[in-house]
Amino acid sequence: MDKDTVDGRTVARASGVVVGLTGPWGSGKSSLLNLLQAEIERRHPAAVVVRFDPWLVSGRDDVITQFFAELLATINAVGTDNGRHGDTLHDLGAKLIGYAKDLAPAAGLVSLVPGAGAAAAGALKVAETLLTRDRSLAAQRRELTALLAGVAVPIVVLIDELDRIEDGEVRAVAQLVRAVADFPGLSYLLAYDRDRVVEALGGGNAERGGAYLEKIVQLEIPLPVAVSSETRGLFIAEFESATPAGVLPDGWRSDPRWTRLLAIATDGLLATPRDSRRVCGMYAVLAPMVVGEVDWLDLLGYCILLAKAPAVVEAIRRKPRLVVPDAPVDREADRDWAAFSERERASPTDRLARLGVALETPLARLLALLFPRLRNSSLSALLVTADSLCRYRPLMTVLRLGLLPGAVARPEVVAFLAGTDDSMLTQLRRRHDEQTLEPFLERLQDIYGDIGGPNPEQLLRVLGKVPQDIDAAARECAGESYTRSLWFAGFLQHAVMRCGVPADLGMRALTTLMEAGHLDVVATVLRGQVFSYGLFGEQQQDATGAWLSPETVERLCHALVDAVVIHWQAGTLLSAISTPEPLFLANNLNRWDADCRVGLTERIRVDDEALRAVTLIFFSHGMLPFAHLNHYLDAALLLERLAAVVDTDAAWGQRARTARARAQHWLARR
């Protein structure tokens, strides 16, 4: 602003210059104009500040018409509220209408000026009179110049988005500014991408366009280049402001992946303030849609991909196995097994190439952070959570913006954990009947470390009952019982060693299950511990899986085998177990002796139901060689008895027939 004297008073007036604020799209030019307008209005409350965005209109005459409409409306509005300068401003508005009419004879110019009471109506009456005169533009300029010399308030025009309109409209705005640029007390600030405007003004000739621009703009001020710390600070502020409450976990700022993602994002991917706003705006929309189902940081990485590399997202959508190993195989599209196997063995470099991503770029580093399949060894230590995008379920959840059919939502697991023993078992039975138990248990194991539960011992007791009370409720499901026992052993180890469940609590749960007759699941857990330590003559396999002490394992093993012997003596063993694990453990402790072997052999000789039970126990889930089976009964007699079974015998259901075929195959190989 300049200082001037009008009627003996010192007043602030616009300096009468045209300034260009330059920078690429999204670099913050509009935000700077907002700040400038607020500062002018704070320092000079009587100022006339006109905001004009030519992107909102189209066509040369429309651009000029709308510009003057904005200018006149603002002048009239300020004049109506300004007693000292109001008449002068209204007279100025009327004269500007005449000048604008000759610059762009578009119909309806006067009607575009919003009414502002009687003062505005009077100004429009004067305008109508002026429009009937036959005056040259030069004469009108002289009148406007004289009138503006008496206006004691600054008039500043802020023109935004000049680089986003068509070439002809860019030239129209340039002509408009030039036509009124040298009026006293009237200044312009134009915001634009210089390369784009030069191209439009020169019709593709950069030299000519640059020369034209220099005749209009006296001073160009490029936006300062943002240093990495500024870009990072802006992004963090935008992210914290945009993220809905309850989405981010406690301590998220200390997550090492956050530090890594922030470094990648601000190293060329999020180059402008607009980039940050777009990504954070996407996150604000998507996070509530998938909260609890997709890792919070992976979702942020996905939003960056969506904003900056939509073609990569589309490639992942078409071929998810490029980035996640557990995606289902399209057997129709992948009939060539050799070609499929070669693609599965592809290196991270090859996979990035198929995604159209160059190596050693910020985009490649972002993809490596999100997807281990695209990762080199230096990133191997970064955590993969249960809901990371490198798993098929979370990836498809975010691509579909909803769960896959049959997928289990986190709230379902949380509600399950809050139930009683009976309600938990009821839910598990229902899921078993609906054939959705498998994905539910997988989801439970995935997220249990995140959400915990109000009563871990209760949960272990309930889950330990599943193999016998649900899977093996019918003898035909013996194979499922074995699979579920193995799952429970893995879950219990995961709960103790990774989720903070105390080992003594896990031991109490095992004791309770054993006392309640759940021998299969307890024996499966204990056998895993036996192999971890190499107890009872077994070869040590993996000590990292040991969570009970050796003394505790030995004590529980003896207690369980005591229960096996009691059942054997009572003649109820075959109805008490569905897997061979209790028998294996009895053999480990040298408690399955010759008398037991003879007794079991005699049972299968005379009892068809015992024959089916033994076949299911030993061969429903896996394969047992002849020599190993011979420890427990006469394997040759079993093979002979199985050969005598009629294939059409209705008592042998599908699973029993499968077990019989497996037994015949393995026992015949002796």
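Residues numbered from 1 in each chain as written. Predicted model: local features only at pLDDT ≥ 70, side-chain atom pairs only at ≥ 80, totals over all residues. Heavy atoms only, no water.

Trainee: Outline the sheet that holds strand β4 (residues 48–52), listing residues and values.
Mentor: The 5 strands are arranged β4-β5-β6-β3-β7 in an open sheet whose pairing can be described as parallel. Looking at the sheet topology across the chains shown, the edges are occupied by β4 and β7 (219–222). Neighbour to neighbour, the strand axes of the sheet diverge by 20 degrees on average, direction disregarded. Where strand β3 (residues 18–22) lies against strand β6 (residues 186–192), 5 bridges are found, and the strand directions are parallel. Directly across from valine 19, in β6, lies its bridge partner leucine 189. Across the face of the sheet, helix α1 (residues 29–43) comes into contact with β3, β4, β5 (155–159) and β6 while running at roughly 165 degrees to β4. Against the sheet, helix α6 (residues 167–180) engages β3, β5 and β6, with an angle of about 160 degrees to β6. (Pairing = 2+ DSSP bridges. Helix = DSSP H or I, 4+ residues; strand = E, 2+ residues; numbered from the N terminus. Axes fitted to C-alpha atoms, helices over the stretch in contact; angles between N-to-C directions. Contact = heavy atoms within 4.5 Å.)

Trainee: Could you give me a rundown of helix α11 (residues 273–290), with the residues and numbers involved?
Mentor: With 18 residues, α11 ought to run about 26 Å at 1.5 Å a step, and its terminal C-alpha atoms sit 26 Å apart, in line with that. Remark: the principal bend of α11, roughly 25 degrees, maps to alanine 284, with a proline, proline 288, within the next four residues. Turning to α11, its buried residues are Pro273, Asp275, Ser276, Val279, Cys280, Met282, Tyr283, Leu286, Ala287 and Val290. Two residues or fewer after α11 comes glycine 292, characterised by a positive phi angle close to 85 degrees. (Expected span 1.5 Å × (residues − 1). Bend = angle between axes of the 7 residues up to and from the residue. Buried < 20%, exposed > 50% of the residue type's maximum accessible area, 1.4 Å probe, protein only.)

Trainee: I'd like to hear about the environment of leucine 638, residue by residue, with values.
Mentor: By the element assignment, leucine 638 lies in helix α31 (residues 635–643). Residue leucine 638 is classed as buried on the basis of its relative accessible area of 0%. Remark: the alpha-carbon pair of leucine 638 and glutamine 664, spanning 26 residues in sequence, is separated by 9.0 Å. Not counting residues within four places of it along the chain, the set of residues in contact with leucine 638 comprises Ile604, Leu611, Thr615, Phe619, Leu629, Leu633 and Leu667.

Trainee: Any details on the packing of aromatic side chains? Residues and values, ideally.
Mentor: A full pass over the atoms with the stated rule returns 14 aromatic pairs. A ring pair is formed by phenylalanine 239 and tryptophan 252, whose centres lie 5.7 Å apart and whose planes are at 75 degrees; its orientation type is edge-to-face. Within this pair, whereas phenylalanine 239 is found in helix α9 (residues 228–242), its partner tryptophan 252 is found in the loop between α9 and α10 (256–269), the two being separated by 13 residues in sequence. A relative accessible area of 8% places tryptophan 252 in the buried class. Seen from their ring centres, phenylalanine 239 and tryptophan 258 are 5.5 Å apart, and the 25 degrees between their planes marks the pair as stacked. Of this pair, phenylalanine 239 sits in helix α9 while tryptophan 258 sits in helix α10, and the two are 19 residues apart along the sequence. For the pair phenylalanine 239 and tryptophan 258, one class covers both residues: buried. Over the ring of tryptophan 55 we find arginine 164, and its NZ or CZ is 3.6 Å from the ring centre. The ring centre of tryptophan 666 lies 4.5 Å from the NZ or CZ of arginine 669, which sits over that ring. (Phe/Tyr/Trp six-rings, centres within 6.5 Å; stacked < 30°, edge-to-face > 60°. Lys NZ or Arg CZ within 6 Å of the ring centre and 35° of its normal.)

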